Amino acid sequence: MEKVVRLFVSKMIEQNVIEEQRRAVISYGLELFFSSVINILSILLISVLINREGGIILLLLVSVPLQSFGGGYHCNTHLRCWILTTGGYLAAVLGAVYIPVGVLLCFAIISAYPFFRLSPVENPMAPFGDKFKEKMKKVVRIAYLLGILISLILLVFESEGARFILAGISMEGVSVLGAECKRKRLE
């Protein structure tokens, strides 16, 4: 993927679409974008294969904002990222289907700790300032609370969708905890 991005960015510089000094930022953004597209397409393909399209959509609707604003574990390679992301979503779907809803709710409530105490997790490649960090902290807390509230409402109506939202919240909570463990290990 790095080679494709490098070629793409070089062509953009040659054609004066971007300036040379923006190479690193644009390259990082494109790698992140392409990696995300590949991950989401893989997840959607798996959802079709296991006949859980609606559940995966709910999982994505809760997990993408939590990860976007709260951060999470970052792998060292795109292949590892793809394997971990795809495996994580598959585990979350299987958990949503087979784990009792009370246990899922407990996991999601326990996930309040990483979202309220550890988020947002900074990517070492893209650190941010204190003002931005405070803004992201508020957004991730709101996203978490909205996910919990919506899942509780869906539970009242005995909707299976609640299970997928709770599984998504739990999965992202584990990702934030994993990022914190990795950060402490590297210190």
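Further up the page is the structure itself.
Everything numeric in this text was worked out from a predicted model, so none of it was measured.

A. The overall build of the protein, seen in detail. For the protein, the helix and strand inventory stands at eight helices and zero strands. With respect to the principal axes defined by its C-alpha atoms, the protein has extents near 55 × 40 × 30 Å. Accessible surface, the protein: about 11,400 Å² in total, of which carbon and sulfur atoms supply 68%. Computed over 19 positive and 14 negative side-chain charges, the inter-centroid distance for the protein is 4 Å.

B. Quick look at the side chain of Ser35. The topology assignment puts Ser35 in helix 2 (residues 23-49). Apart from residues lying up to four places away in sequence, Ser35 is in contact with Met1, His78 and Cys81.

C. Molecular detail of the packing of aromatic side chains. The final tally for this structure, using the stated rule, is four aromatic pairs. Aromatic side chains Phe115 and Tyr144 sit 5.4 Å apart centroid to centroid with 40 degrees between the ring planes, which places their arrangement in the tilted category. One end of the pair, Phe115, is in helix 6 (residues 112-118); the other, Tyr144, is in helix 7 (residues 130-156), and 29 residues separate them in sequence. The class for Phe115 is buried, based on a relative accessible area of 0%. According to the relative accessible area criterion, Tyr144 is buried, its value standing at 4%. Here a set of aromatic residues connected by ring pairs shows up, and it is made of Phe8, Phe33 and Phe34.

D. Geometry of the nonpolar core. Within the largest apolar cluster, 29 residues are counted, with the highest numbers of intra-cluster contacts made by Leu59, Leu66, Phe115, Tyr144 and Ile169. Taken together, the elements giving at least two residues each to this core come down to helix 3 (53-70), helix 4 (78-98), helix 5 (101-110), helix 6, helix 7 and helix 8 (161-186). At eight residues, helix 8 tops the list of elements feeding residues into this core. Grouped together as the second largest cluster of nonpolar side chains are seven residues, Val5, Met12, Ile26 and Leu30 included.

The rules behind these values
Residues numbered from 1 in each chain as written. Predicted model: local features only at pLDDT ≥ 70, side-chain atom pairs only at ≥ 80, totals over all residues. Heavy atoms only, no water. Helix = DSSP H or I, 4+ residues; strand = E, 2+ residues; numbered from the N terminus. Areas by Shrake-Rupley, 256 points an atom, 1.4 Å probe, with all protein chains shown as cover. Lys, Arg positive; Asp, Glu negative; His and termini not counted. Charge placed at Lys NZ, Arg CZ, Asp CG, Glu CD. Contact = heavy atoms within 4.5 Å. Phe/Tyr/Trp six-rings, centres within 6.5 Å; stacked < 30°, edge-to-face > 60°. Buried < 20%, exposed > 50% of the residue type's maximum accessible area, 1.4 Å probe, protein only. Core = buried A, V, L, I, M, F, W, Y, C linked by side-chain atoms within 4.5 Å.

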